[in-house]
Amino acid sequence: MIKVTAGADAPERCSQAFTVAAVAVASGVEVSLWLTGESSWFALPGRAAEFSLPHAAPLPDLIASVQAGGRITLCTQCATRREITEQDVLEGVRIAGAQVFVQEIMADGVQALVY
C-alpha cells in the first residue's frame, strides 16, 4: 500500500511515491496506490504529462507501470473537493473512501508507505 499525498507542490516526494510503486509492481509485489491531496489530479487523463522533475522517470510511464500490475485508487473526499467524478478519471482508476483504505491496510502482511 502506497499513499501519495503530494503532487506538483512537492515534486520529489510525489515522484518517489510513484517510482516506489512502479518498482514494486515490476518486482512482483501486489501494489495498491492511493492518490490523495494534490496527487489526486494525476487520476485525470493528461495531467501526469504536465508533471516534470529533472532526472526522474516520466510520471505517465510510472502510472502505466502501476496500472499494468497494480491498483490505483483516488480518495473519495479528495475527488469530491476537486469535483472529479468516476467519468473523469483514467481507465482502471477507482474512487473509494476511508473504509476501503482501512480495510486494505489492516489486511495480514500489508506494508503501508505514505509520501
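Each value, and the rule that gives it
- Residues numbered from 1 in each chain as written.
- Predicted model: local features only at pLDDT ≥ 70, side-chain atom pairs only at ≥ 80, totals over all residues.
- Heavy atoms only, no water.
- Helix = DSSP H or I, 4+ residues; strand = E, 2+ residues; numbered from the N terminus.
- Rg over C-alpha atoms; globule rule 2.2 N^0.38 Å.
- Buried < 20%, exposed > 50% of the residue type's maximum accessible area, 1.4 Å probe, protein only.
- Contact = heavy atoms within 4.5 Å.
- Lys, Arg positive; Asp, Glu negative; His and termini not counted.
- Charge placed at Lys NZ, Arg CZ, Asp CG, Glu CD.
- Right-handed = clockwise from strand over helix to strand, strands pointing away.
- Pairing = 2+ DSSP bridges.
- Salt bridge = Lys/Arg side-chain N within 4 Å of Asp/Glu carboxyl O.

Going by an unreviewed UniProt entry, the protein carries the name Sulfur reduction protein DsrE and comes from Streptomyces xanthochromogenes.

> Please clarify how the overall build of the protein should be interpreted in this entry.
Of the regular secondary structure elements, the protein holds four helices and five strands. Helices and strands appear in the protein in the N-to-C order β-α-β-α-β-α-β-α-β. Relative to the 2.2 N^0.38 estimate, which gives 13 Å for 115 residues, the radius of gyration of the protein is 13 Å and therefore close to what a compact globule would have. Each principal axis of the C-alpha distribution contributes one length, and for the protein these read about 35 × 35 × 25 Å. Across the 115 residues of the protein, 40% fall into the buried class. Considering only contacts within the protein whose residues lie at least 6 apart along the sequence, 67% involve residues at least 24 apart. Charged side chains of the protein number 7 positive and 12 negative; the gap between the two group centres comes to 6 Å.

> Explanation requested: the pairing of strand β3 (residues 71–75) in the structure shown.
Each regular strand carries side chains that alternate between the two faces of the sheet. With four of its five residues buried, β3 lies for the most part within the structure. In this fold, the crossover linking strand β2 (residues 32–35) to β3 by way of helix α2 (residues 59–69) has right-handed handedness. Across three bridges, the pairing between β3 and strand β4 (residues 94–96) is parallel. Bridged to T73 within β4 is R94. In this fold, β3 hands off to helix α3 (residues 76–81), which returns the chain to β4; that crossover is right-handed.

> Explain the pattern of salt bridges to me, please; I cannot follow it from the model alone.
Oppositely charged side chains may form a pair once their charged atoms are brought near each other. All chains considered together, the criterion is met by four salt bridges. Residues R82 and E38 are paired through a salt bridge, measuring 3.1 Å at the closest nitrogen-oxygen approach. Within this pair, whereas R82 is found in the loop between α3 and β4, its partner E38 is found in the loop between β2 and α2, the two being separated by 44 residues in sequence. Relative accessible area serves as the criterion here: at 19%, R82 is assigned to the buried category. Of the charged contacts in the structure, one is a salt bridge between E104 and R71, with a shortest N-O distance of 3.5 Å. Residue E104 is found in helix α4 (residues 98–105), and its partner R71 is found in strand β3; the two are separated by 33 residues along the sequence. The structure contains a network of salt bridges with shared partners spanning R71, R94 and E104.

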